[in-house]
Structure formats: structure tokens, C-alpha cells
Amino acid sequence: RGAGISHLVEHLMFKGTPRRGNSEMAQAIHDLGGRLNAYTSFDRTVYYTDVPVEGWVEATDILGDAVNHSTFPEEEFEKEKEVIRREFAMGEDDPDRALSKLLFSTVYTRHPYRHPVIGHLDLFNQLTRDDVLAYYQERYSIANQTLIIVGPVEPAAAKQEVERLFGKITRRPLPDLVLPDEPECQAPRVRRQSFPTQLSRLSQLYPVPGLAHADVPALDVLAVILGEGRSSRLHQRMVEQEGLAEDIDAYVYAPSSTGLWGIDARLQPEKEEALLVAINEEVQRARHSEPSAEEVARAIRAGLTTQLRSQKTMRGQASSFGRGWLTDRNPLLSHAYLQRLALVTPADVQRVAHQYLIEPHRNLIVLTGEAAKETPTREQTTKADAEPHYRKAEALSLAAPLRGVQVKASELPLLSVRLTMPGSLLDEPADFAGINRLASQLLLKGTKRRTAAQIASDIEQLGGRLFADSGNNSTALGVELLRSDIGIGLDLLTEILTELAPTEEELAIEKRKQLASLQEELDHPLQVASRTLRETLYPGLPYGHTVLGSAETLEQISVPDIQHHLCQHVFTQEIVTGVSGDYDDPAALVRPLESVLSNLPANETTTKPLQAIALPEPVRVEKQMDKQQAVLALAYPTIPVTHPDRLLLDVLDEALSDLGSRLFIRIREEMGLAYFVGTSQFPGRAAGYFLFYLGTDPQKRADVEAALLEEIQKLTTDGLTQTELDRARAKLLAAQKFQMQNANQLAYTASLDELFGLGYGFAQQQAQRLETLELEEVNAAATRYFLPQSYVLAVVSPN
């Protein structure tokens, strides 16, 4: 115990079987258009794939082959152990992982949950290949496996194919595991650890029963009332009113045995004492008085809608069925839980608070933030339409010039209305960087009729979700509710558009939270590297900063500035209205909202391309952080999101960023130089860049950099192979089908395309073009954009 052997087996699982060699399984899944992944938790290891329905049999065969016939080649064993050692280093750099490790080792004294899933490095280093093979032979018996298949597959056909694929596998003896009971905590425990982070993390926890216990639904309701959502007691007091925390929530962790009821918070280090006093006052209030019937009703409805949201995709349903089966041999356990949840009363909530949230059982874990000093920079297809589980976006009929998108999904009684709005980085003056994000968060604050707390309470007591955010290219405001309650949500959206009245006090709260997010970026080397790239590629331009802005620019922004910005750049007739879910007549549904949108001003601004810094030769920028890992991020300037070459770059990105890609195989698998390696893109409305990134041992920085540049150069001279193109094509086409499972996501994507002037059907047009894309087109794009002198390399390494 404590060596992380289950996690190591997961890493070795797809290295080869007698039928398939290293990487062949991942590549075969990708050839089907699928995605392959795995994870290890305290209670189980899960291997899963999302794949178009046509490939389900072959995908099941591949998973079964790996799980039951892996050979763990000797040449891969030490290589993968080194990869996990890099993961250990990443964990040491991550404050949230450090808090989790400290948390579980404090609360659990005998139960195996006290050990991290990844293990302890000294025990991990002692593992041999013989240890792994023995463990695999014992625990990976067919009798210890559960196969879940969700999708448009006939049960009889599934049973027949599964019996054909797995029926001849011989069962092996499976010894019972007897887990020790966790002894009752007799006195409070406090553990404190310093960490080089801008913000402190705090967890206060109490032992509670496991998932099958009758008290768990009431404990969940208690967690929602105290700390889930903006209207919760803890959020309103600690974040909104007293400013003691940047964010705070309450939750129940309910595995099969002893679980936890906890409160987590992020805070400025100097506010810890006051926050703890306030938290314990709220705990005592919960212990000694019943919540209101309205609070309990809101929490029950929140539990219902959360469960419904988790069922939107095939993967979500499979996860629910699997969790229920492994916990209680009941794949419909979530339905049984909801029945118990509906019966919870205010008296039940007070009873569990009084019973479990007691001082002798309190565990307090604090990761104390130490403001780290940043080192100065040194320059150095059509078939999908007919398939029942796939859907498409259609036009929503609105009065010109308004635009709308609708996506029908009748299987769940949920409705979502989202306004996709034009506010973006391009609309931010240099001295007001970050104003879009601030403005979007103030949309959730007060109106002339209701305070922010009232708005949060009114929507959350219905189990609904009011959301607002902004990104690089747009701003969003929306609501999701049960179908019967959507009228209330539409009234609220109308009120926000016409009567928004944020105060300077509310602005100060949001500034504080945004500054905290800025501070948190300094904890993550890859984010620091990405921020450095943007500053270098776009000096003094809107894309040179992130949506968070800077401490200096945020300080200058006032409520009138926010209101002016919203009127000029966000609340315009360019807004795209998206309706998704279970509706009859969407045009009639949003008619009251339509009249409000029609009275908004037209947006006269036009998007002009941004020119990145001219790069006659490579630019190298280095930063140092108090971390153990090194991160390299290399960016090439590219094109706006609306450019015709966007699809070609998407193909290159897909081909270079999975477990079967040439980068992963060469740099991580064959050379063992990096823990993670991949690509991504920054797709802006006026410009973009293509990013290569990886994390490595600081001693291997030079080797990694040379290997990465060598692979990019091979890409520009030799290009992708036809096999790589076909695999990327299959994955992108499958990704569109996966997106069609989630009506909300599909409506959002179609709304963005409509906002950008591409049209709500752009995704389908891209899919059709992708079907016929030629290898020469893609390889020409690699040569065109990955110029040997035209890149910025950001290196973030330990001090």
C-alpha cells in the first residue's frame, strides 16, 4: 500500500498485448474517430472510450485486449516510471494537489484512502516489473471487471458481441480485500503546511458515512445550503459581504465506506483567522437551527438538476451506471438516491448537522500561501443527421437584424437560453484590460429591483443555473432551468438587460476575486509561459494580455466604465440568442426577450486583423519560478478564427496532440524526455497562434527543446502521413458527433459561429470539407505557418 501500483498499471496498460504493439491501441481507437483515456481513483481504475456507434465493437475489443492481455514490455517499464516521477514533481508544484494529499493523510489514519493515488515516491521507486505483473494477475481478473456500454446499441447484439469477445477468458482467483474501519476521531486535528502560492487554501472536514447510508441525502442538502452556489450562506457572507475568501464551497465526498463533509476555501493569507471564526459561526448556526423550507427546496432541486445535467452525454450516463453498480450493484443507484433526496426535511438537515459537524471530529487543513516573487523576464459527416442520438443546430426565427439558434433535445425536461454577446478582448482599451471579465461577472449582481443575493436565491431555489462569463472573443449570459420554470429565467434575463444596477461595493468584490485569479496564475508554470508568449507576440495590443487584465488596469475601472462598456460593446443587436432543450415553440418562448433585444443599439464596430510582432528570428524568453518542473511553450503566429485555413490548423492540432501522435511517441515514449507534450491554439477574432508545449525535468530542458524543434522541422519538410491525416479526420468528425449529444454545447458553438459571421451551420460545412480534405493542403499549411525563424519560445524553470 502506498506505492501507487494501480496508477502505474494504468500508465502501462496500452503499451502492448500479444495482438497489438505500443501505441497501436490508441491509434486504432483514433482511427475509428474515438478518444481513449483512463483514470485511477481511490476506489477504481477506469478505462474508457467515446467512439461513434459504428466502431463500438472494435473499440470494446481493443479495451478488452488491453485490460486482459497486457504484456507490460520491459523496455516501457522504466520509461513509464520516469514519466510518473515527472507527475510527482508536477504534484509538488500544484497547491491543490498538495492540499489534497495533506487532507487525506490527516483525516484517514488507517484506511487506505490515507495514501495518495499516485503513491509515495520512495515506495514507488521500489516497484519492480515483477511486482506489477503479480498485482495485474491478481486484480485484473475478468471477475473483477465491469463493462458499461451506453449508446444506440441493441442490448441483445451487445450481449452477443461481449460474450464473443470476453467469453473465453479464463477467470483467475480473486482474493477478497478486507479494508480496515477508520476509527472514530476523538479530538480535533489541525495540520498546516506552507507552500509557495499567492493564495492560501483551507479545508475543514468532518467524517460522515459512505454513499449507501440513509443520512447522505440530508448531508448533501446541508452542503448545498451552506456552500453551493452564489446564494449559499457561506458564499454570501464570506465572499460577497465580508470579503474573507475569494471562493468557498461545501461538499460531500461519499465513497463506499467512510466519507467526508467538507468546506473548501481560497483566501488571502492574512484573512485566515477571521474566516475560520466566521465558518464556525455558520456551522454552529446549522447545528442549532433548522434551515428554512425554501432553502431545503432549493437544495433538493439543485440535486435533481445536477443529476439531470450529468446524464446529457453517453459518457455521463456510463459513469453514473458504473458508479452505481460498483457501489451498490445497482446501475440505477442515482435514481434511488433522488427518491431519498426528495424526502429530506428541514428537521433532517439540522439533525445531521448536529450529529456529524461536531468539534471532536473536526479536521482543519491549511496550505499557507507565501506570495512568490516573479523573476524578471530575460530576453534569450452527413450520416449523423439520421442517427437518433445526434442533433443539429437550426435557425431561430427572430425579427431582423436579430439572430438566433435552436437545438431540440426532448429526452430531459431542461431548457437553456443563452445570449452570446460580442464583448471581447478587442473591445478593451489598453488601460482597461480585464473589463470584459469584470462586466460579465457584474451581470450576475443587482438590478434596480433585486440585489445580487436575491437574484442568486431566486434562481437557485428552482434548482436552476444563471451563468455569465467572457472569453477572448465573446461574452455570455444565460440561464438553465426545468422546462416549467423557464419563464422565470427569461424574466430575469430581461431584467438584467434593461435594469442592471451594480454598485461600487459589488465591483470591488469582483475586482478582488479577479485579482485572486490573476495571483493564482502565478502558481502554474504553463499558464505563466502562455501569458509570457502573448505579451511577447502582441506587445501593447489587446491579445497581449489575458481576459483577467492586470492589477493596474483593474484598479482604474469604475461602475460607470462598466456600464459604458456594456452599452457600447456588449448589449447590442449583434447578440445571438440560443435556445436548447425541451421546447415546443422556441420563437414564441423568447418573444418577450426579442422585443428587448430589438431596442438595443446596432454595433457599428468591425474587426480588424492584428499584426503580431515581426519575427525575423526566433525570440526566446525565460522566467524562473519556485517549482520543480520545467515547462517549454513555443508559439507560431497564425490567423483569425474566421480564416479559411482554420480547419487545416485544427487538423494539425488534432494530429499532434493525442496519445498516438508523433510528438507523444517520439518525445515522451521513445526518448522519455517529457511528462506531457501536446499542442493547442489561441483562436482570436483578429489573430491567432499555434502552441507546442511540454513539461520536463529541468535537467533535460536543452534536450527537450532540441527534440521539439527537430520534430517541427520534420513536420514542415516531410509533412503528416496519410495515416495521421485519416486519424485526425476521424477524431474531428467524431468530436462533432460527441458535441451533438449535448444540446447546450451545440447551441453555444453554433451561436459563436453565427456571432463571428460564419453562420450557425458552419460546423456542418467544416465537416463536409473535412471529409474531402487532401493531405497536400494540410502539409502546405504546416510549411506556411511553422516558419523556422517565426516563433517565440517561453521557458519557465526552477530558480
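Residues numbered from 1 in each chain as written. Predicted model: local features only at pLDDT ≥ 70, side-chain atom pairs only at ≥ 80, totals over all residues. Heavy atoms only, no water.

Enquirer: Just checking my understanding: could you explain the overall build of the protein chain for this structure?
Expert: A tally of regular secondary structure across the protein chain gives 31 helices and 19 strands. Over its C-alpha atoms the protein chain spans a radius of gyration of 27 Å, differing by no more than 12% from the 28 Å that the globule rule assigns to 799 residues. The principal-axis extent of the C-alpha atoms belonging to the protein chain is close to 70 × 70 × 60 Å. In the protein chain, which comprises 799 residues, the share counted as buried stands at 58%. Of the roughly 32,700 Å² of accessible surface on the protein chain, a fraction of 52% belongs to carbon and sulfur atoms. In the protein chain, the 81 positive side-chain charges and the 110 negative ones have mean positions that sit 3 Å from each other. (Helix = DSSP H or I, 4+ residues; strand = E, 2+ residues; numbered from the N terminus. Rg over C-alpha atoms; globule rule 2.2 N^0.38 Å. Buried < 20%, exposed > 50% of the residue type's maximum accessible area, 1.4 Å probe, protein only. Areas by Shrake-Rupley, 256 points an atom, 1.4 Å probe, with all protein chains shown as cover. Lys, Arg positive; Asp, Glu negative; His and termini not counted. Charge placed at Lys NZ, Arg CZ, Asp CG, Glu CD.)

Enquirer: What am I meant to see in the packing of helix 16 (residues 435-442) against helix 19 (residues 504-521) here?
Expert: The packing of two helices is summarised by the inter-axis angle and the distance between the axes. As a packed pair, helix 16 and helix 19 sit with axes 10 Å apart at the nearest point and diverge in direction by 125°. Judged by the inter-axis angle, helix 16 sits oblique to helix 19. Helix-helix and strand crossings are classified by hand; for helix 16 and helix 19 the assignment is right-handed. Every residue of helix 19 that contacts helix 16 at R437, L438, Q441 and L442 is listed here: E506, L507, E510, K511 and Q514. In terms of residue class, the contact of helix 16 with helix 19 is made up of three nonpolar, two polar and four charged. (Axes fitted to C-alpha atoms, helices over the stretch in contact; angles between N-to-C directions. Parallel < 35°, antiparallel > 145°, perpendicular 65-115°, else oblique. Left-handed = near helix turned anticlockwise from the far one by under 90°. Contact = heavy atoms within 4.5 Å. Nonpolar A, V, L, I, M, F, W, Y, C, P; charged D, E, K, R; others polar.)

Enquirer: Help me understand the pairing of strand 6 (residues 259-267) in this model?
Expert: Taken residue by residue, a regular strand's side chains alternate between the two faces of the sheet. Most of strand 6 sits inside the fold, with eight of its nine residues counted as buried. Pairing of strand 4 (residues 200-208) with strand 6, which is carried by nine bridges, proceeds in the antiparallel orientation. Across the sheet, S203 pairs through a bridge with D264, a residue of strand 6. (Pairing = 2+ DSSP bridges.)

Enquirer: Got a minute to help me understand the pattern of salt bridges in this structure?
Expert: Proximity of charged atoms lets side chains of opposite charge pair with each other. In total, this model carries 67 salt bridges according to the counting rule given. In this structure, E460 and R298 form a salt bridge, with 3.2 Å as the shortest nitrogen-oxygen distance. Each member of the pair, E460 together with R298, is buried. (Salt bridge = Lys/Arg side-chain N within 4 Å of Asp/Glu carboxyl O.)

Enquirer: Looking at this structure, how should I read the environment of R110?
Expert: Of note, R110 is situated in the loop between helix 5 (95-107) and helix 6 (121-124). You can call R110 partly exposed: its relative accessible area is 47%. For R110 and M90, which are 20 residues apart along the polypeptide, the C-alpha to C-alpha distance reads 27 Å. Among residues more than four places away in sequence, those in contact with R110 are P180, D181, E182 and P183.

Enquirer: How should the pairing of strand 4 be read in this particular structure?
Expert: Within strand 4, eight of the nine residues are buried, which leaves the element mostly enclosed by the surrounding structure. One ladder, built from five bridges, connects strand 4 with strand 7 (residues 363-369); its direction is antiparallel. Counted as the bridge partner of L202 is V366 from strand 7.

Enquirer: Any chance you could explain the layout of surface pockets here in plain terms?
Expert: To find the voids left in a structure, one rolls a probe of water-molecule size over its atoms. Each pocket or cavity is described by its volume, and for the second largest pocket that value is around 790 Å³. Taken together, 36 residues form the lining of the second largest pocket, with G229, R230, H235, L444 and L466 sitting closest to its centre. Among the residues forming the lining of the second largest pocket, the class breakdown is eleven nonpolar, ten polar and 15 charged. (1 Å grid on protein atoms, 1.4 Å probe; cavity = no way out; pocket = protein on both sides within 12 Å on 5 of 7 lines; lining within 4 Å. Points joined across faces, edges and corners; volume = space filled by probe spheres on them.)

Enquirer: Where do I start with the packing of aromatic side chains in this structure?
Expert: For any two aromatic rings, the description comes down to two numbers: the centre-to-centre distance and the angle of the planes. Following the criterion strictly, the structure yields 24 aromatic pairs and no others. With 4.6 Å between their ring centres and 45° between their planes, F42 and F104 make a pair best called tilted. Taken as a pair, F42 in the loop between strand 1 (35-40) and strand 2 (45-50) and F104 in helix 5 lie far apart in primary sequence, 62 residues in all. Since its relative accessible area comes to 29%, F42 is described here as partly exposed. Judged by relative accessible area, F104 falls into the buried class, the value being 11%. Ring centres of Y206 and W261 lie 6.4 Å apart, and the angle between their planes is 55°; this geometry places the pair in the tilted category. Pair noted here: Y206 is in strand 4 and W261 is in strand 6, with a separation of 55 residues, a long-range link. (Phe/Tyr/Trp six-rings, centres within 6.5 Å; stacked < 30°, edge-to-face > 60°.)

Enquirer: In this structure, what is going on with the environment of E411? I would like to understand it.
Expert: Here E411 lies in the loop between strand 10 (403-408) and strand 11 (414-421). Classification of E411 by relative accessible area gives exposed; the value is 52%. Counting along the chain gives 171 residues from E411 to D582, while the straight-line C-alpha distance between them is 7.3 Å. A polar contact of 2.5 Å, which involves the side chain of E411, links it to the side chain of R391. (Polar contact = N/O pair within 3.5 Å; in protein donor to acceptor, adjacent residues only side chain to side chain.)

Purely spatial values, then, with no claim about function.
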